[in-house]
Amino acid sequence: MNKKTCLITGVGPGTGKALSERFAADGYHVAMVARDDDRLKTFEQEIPNSSAFVYDCSDEASTNEMVAHVTKDVGAPDVVFCNAVRGTFGDFLEMNPEDLLQNFHINTMGLLYLARAVAPAMIDRGRGVIMASGNTSALRGKPNFAGFAPTKAAQRILCESLARTLGPQGIHVAYLIIDAVIDLAWTRKMMPDADDDYFIQPSASAETAFHVAHQDKSAWSFNVEVRPFGEQW
């Protein structure tokens, strides 16, 4: 197949859908991956050159099966974006310790499983892009994020390790930190008095991700941060 393939995990109504739309608009066949089959089927109808794949990103066997399925149906992924995330909140005394473990399985182990599944084919070709989406918790541990921030920080460091291993083999690995509240119906409802400038548009962060995925090899980025000017940092 001559068409480029982009695989995106954790496709929901925000960043995941926006990424799918942006890469599809450039001629990629987009493999949209998540656990919500009904929502994915809706997106598949809305986004040209897209296909839905349901899998559990916290399970290694399921991840391997999904990548094999994508490769067979639409081609080996040229660009892979790990966007799946699980978050729970509460300080270290209030939180359920089991939540930290479950968050780690999806946020950190999910990236590891995905990278191990797609990297060998990229290494054989001598090219490819692997990106992951982070957020404020990848940089700092606030009190109510004790069960979440450690998993995103670990994800960022794992991504850096991937970059140092795969970069010399022609594969660009990057980490996109979305330090903002994403503009969605439920976030607007949660923060009805917030100004428009406080929210980040999913299409805007997707545009940055698309740019990073197509950087010249002589000027690759790793840590990439996006935020609206209304966000305190």
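In what follows, the structure referred to is the one given above.
Predicted, not measured: the structure shown is a model, and the values here were computed from it.

(A) Just the packing of helix α4 (residues 97–125) against helix α5 (residues 149–166), in detail. Two elements in contact, α4 and α5, have axes separated by 9 Å at closest approach and are oriented at 15°. Here α4 lies roughly parallel to α5, going by the angle between them. In terms of crossing hand, the pair formed by α4 and α5 is right-handed. Taking contact as the criterion, the partners of Leu100, Asn103, Phe104, Asn107, Thr108, Leu111, Leu112, Ala115, Ala119 and Ile123 in α4 are, on α5, Pro150, Thr151, Lys152, Ala154, Gln155, Leu158, Cys159, Leu162 and Leu166. Grouping the amino acids of the contact of α4 with α5 by side-chain chemistry returns 13 nonpolar, five polar and one charged.

(B) Here's a closer look at unusual backbone geometry. Even without being a glycine, Asn49 presents a positive backbone phi close to 60°. By the element assignment, Asn49 lies in the loop between α2 (37–46) and β3 (50–54). For Asn49, a relative accessible area of 34% translates into the label partly exposed.

(C) Fine view of the packing of aromatic side chains. Here the structure, examined in full by the defined rule, presents five aromatic pairs. Ring geometry for Phe89 and Phe145: centres 5.1 Å apart, planes at 75°, overall edge-to-face. In this pair, Phe89 sits in the loop between β4 (79–82) and α4 while Phe145 sits in the loop between β5 (128–135) and α5, placing the two residues 56 residues apart along the sequence. Residue classification places Phe89 among the exposed positions, given a relative accessible area of 55%. Their ring planes at 70° and their centres at 5.8 Å tell us that Phe89 and Phe148 sit as a pair that is edge-to-face.

Analysis parameters
- Residues numbered from 1 in each chain as written.
- Predicted model: local features only at pLDDT ≥ 70, side-chain atom pairs only at ≥ 80, totals over all residues.
- Heavy atoms only, no water.
- Axes fitted to C-alpha atoms, helices over the stretch in contact; angles between N-to-C directions.
- Helix = DSSP H or I, 4+ residues; strand = E, 2+ residues; numbered from the N terminus.
- Parallel < 35°, antiparallel > 145°, perpendicular 65-115°, else oblique.
- Left-handed = near helix turned anticlockwise from the far one by under 90°.
- Contact = heavy atoms within 4.5 Å.
- Nonpolar A, V, L, I, M, F, W, Y, C, P; charged D, E, K, R; others polar.
- Buried < 20%, exposed > 50% of the residue type's maximum accessible area, 1.4 Å probe, protein only.
- Phe/Tyr/Trp six-rings, centres within 6.5 Å; stacked < 30°, edge-to-face > 60°.

Limitation: the analysis is restricted to geometry and does not speak to function.
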